[in-house]
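Commentary on secondary and tertiary structure
Okay, here's what each chain looks like letter by letter:
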Number of protein chains: 2
Amino acid sequence: MSDLLERLRGRGWRLTAQRRVVAEVLDGDHVHYTADEVHALATERLPEISRATVYNTLGELVTLGEVIEVSTDGRAKRYDPNAHHAHQHLVCARCGTIRDVHPSGDPLADLPSKERYGFAISAVEVTYRGLCPDCAG
Amino acid sequence: MSDLLERLRGRGWRLTAQRRVVAEVLDGDHVHYTADEVHALATERLPEISRATVYNTLGELVTLGEVIEVSTDGRAKRYDPNAHHAHQHLVCARCGTIRDVHPSGDPLADLPSKERYGFAISAVEVTYRGLCPDCAG
DNA sequence: TCTTACATTGGACATTGTCTAAGTCAAGAA
DNA sequence: TTCTTGACTTAGACAATGTCCAATGTAAGA
């Protein structure tokens, strides 16, 4: 993740303790946290960090393309630090856990141009839904 | 849409003016409204209908499988009345408009079992994102 | 070290959705 | 038709998530 911090500094990011902590939290496990979870984990390392800063920083990381914003249900968005490898998501319909998966094939090729209605398509997301082994119990 | 009302009555639904109005709004155009938009349109026909009833009714229609709930961004969920034909969504990244599209191929076949992590997969959603002709300006 | 533009903070506010207690009514029974 | 009853609706409080702003703090270059 020091890679990430270097990249960001190279893009003119001012390196503050708060931004460093948010970046470290995202780098930890390969889990997709909500903003509130990121805030809770960041608070453990930097107790005075504010909610607004966490939201700001996450938004900046998304804008810079370092993190992907995922909204799989109507609840809180989740932040996916695995932005540099193409992948899709497998979501548990009960507990909301997300796993990264790597389907074969290119879904974009499956959409004929007459079905594109003049849109300039820039991304395709595939979400697989079901019950995880724990919730299927 | 009287089809829909008949089906619902057959399932023991009590047919109220409020539910009828919500169903009519969804039946109108093939647009994917938010709950608030449904409420606004329903209010034109039945001024005293409450927000809670609109939310309740939409939730019931989703549970009954008559309408699909779509959350393409972190904003309000949208309700898709086209539940009886398999389709996917094309979303404008700027204005949020949704169009139904019909890709060829079966995305579920593209996910090898070793990438399923023991999940019992029950649905696959594909979302194409890009700028619509109006927003591409 | 000094300066200053950029970052952070706390809290108010906005949006979307959920819940509850009290009143209302659709639909079957008599 | 009228009555009865349990399901439905309502208004508003509340909850969850996210955004905005003015005041304050600070990283980094001069």
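Per-chain numbering applies: the sequence of each chain, read as written, is numbered from 1 onward. By the order in which they are written, chains take letters starting at A while ligands take numbers starting at 1. Residue-level local features of this predicted model are given only where pLDDT is at least 70; pairs of side-chain atoms are given and counted only at 80 or more, and the full residue set underlies all totals for whole chains, interfaces and linings. Excluding hydrogens and water, the side-chain values take into account all heavy atoms of the structure.

Chain A goes by Transcriptional repressor in an unreviewed UniProt entry, where it is assigned to Streptomyces antioxidans. UniProt positions are given in the numbering used here, feature names are shortened, and annotations may be inferred rather than shown by experiment. Its UniProt record gives chain A the following Sequence similarities (unreviewed entry) comment, quoted word for word: "Belongs to the Fur family."

**Some thoughts on the sheet that holds strand E1 (residues 33-34) of chain A**
Residues and elements named next belong to chain A. Note on pairing: two strands pair once DSSP finds at least 2 bridges between them. Each helix is a run of H or I in the DSSP string that is no shorter than four residues. Each strand is a run of E no shorter than two, and both are numbered from the N terminus. Pairing is antiparallel across the open sheet formed by three strands, whose spatial order is E1-E3-E2. Each of the sheet's edge strands pairs with one partner strand only, and the pair in question is E1 and strand E2 (68-70). As judged from the three bridges shared by E2 and strand E3 (residues 78-80), these two strands associate in the antiparallel manner. Residue pairing in the sheet places valine 70 in a bridge with arginine 78 of E3.

**Focus on the UniProt feature "binding site: Zn(2+)" (unreviewed entry) in chain A**
Residue and element names in this part refer to chain A. If you check UniProt for "binding site: Zn(2+)" (unreviewed entry), the listed places come out as Cys92, Cys95, Cys132 and Cys135 in our numbering. Taken together, the annotated residues stretch across 44 residues yet fold into one region, lying no more than 8.3 Å apart by C-alpha. Relative to the helices and strands, cysteine 95 resides in the loop between strand E4 (88-92) and strand E5 (98-101). On the basis of relative accessible area, cysteine 95 is assigned to the partly exposed category, the value being 39%. In what follows, a contact means two residues having at least one pair of non-hydrogen atoms within 4.5 Å. Those residues in contact with cysteine 95 that sit more than four places away from it in its chain are Cys132 and Cys135. Tracing the sequence through the fold places cysteine 132 in the loop between strand E6 (120-131) and helix H5 (133-136). Per-residue accessibility, obtained with a 1.4 Å probe over protein chains only, is compared with the maximum for each type, and a residue is labelled buried under 20%, exposed over 50%, and partly exposed between these values. Its relative accessible area of 7% is what places cysteine 132 among the buried residues.

**Quick word on the protein's contact with DNA strand C**
When we say a residue is near a molecule or strand, we mean one of its heavy atoms is within 4 Å of it. Near DNA strand C there are 18 residues, and of these A:Arg14, A:Thr16, A:Gln18, A:Thr53 and B:Lys77 occur at the shortest range. Those atoms of DNA strand C that come within 4 Å of the protein belong to sugar or phosphate at a rate of 69%. As used in this structure description, the phrase polar contact means that two N or O atoms lie within 3.5 Å; if the pair is within protein, one of them must be able to donate a hydrogen and the other to accept it, and residues adjacent in sequence are counted only when both atoms belong to side chains. Within the side chain of A:Arg14, one N or O atom sits 2.5 Å away from a base oxygen of DNA strand C. Separating a phosphate oxygen of DNA strand C from a backbone N or O atom of A:Glu48 is a distance of 3.0 Å. Of all the elements in the fold, those that place two or more residues in the surface near DNA strand C are helix H2 (17-27) and helix H4 (51-63) of chain A together with helix H4 (51-63) of chain B. In terms of residues, the surface near DNA strand C owes the most to one element, H4(B), which gives three residues. Grouping the constituent residues of the surface near DNA strand C by class yields seven nonpolar, four polar and seven charged. Residues are sorted three ways: Asp, Glu, Lys and Arg are charged, Ala, Val, Leu, Ile, Met, Phe, Trp, Tyr, Cys and Pro are nonpolar, and all the rest, Gly among them, are polar.

**Description of the protein's contact with DNA strand D**
Taken together, 18 residues lie around DNA strand D, and B:Arg14, B:Thr16, B:Gln18, B:Glu48 and B:Thr53 are the ones closest in. In DNA strand D, atoms within 4 Å of the protein come 66% from sugar and phosphate. A:Lys77 has a polar backbone atom sitting 3.0 Å from a phosphate oxygen of DNA strand D. Contacts to DNA strand D include B:Arg14, whose side-chain N or O atom sits 2.7 Å from a base nitrogen. Secondary structure elements with two or more residues in the surface near DNA strand D: H4 of chain A together with helix H2 (17-27) and H4 of chain B. Here the surface near DNA strand D is built from residues that sort into seven nonpolar, four polar and seven charged.

**What about the sheet that holds strand E3 (residues 78-80) of chain B?**
Residues and elements named next belong to chain B. Spatial ordering of the open sheet is given by E1-E3-E2, a layout of three strands whose pairing is antiparallel. Two strands in the sheet have a free side with no partner beyond their single neighbour: strand E1 (33-34) and strand E2 (68-70). Relative to E3, E1 runs antiparallel, the two being bridged by two bridges. Its bridge partner lying in E3, threonine 34 is registered against arginine 78.

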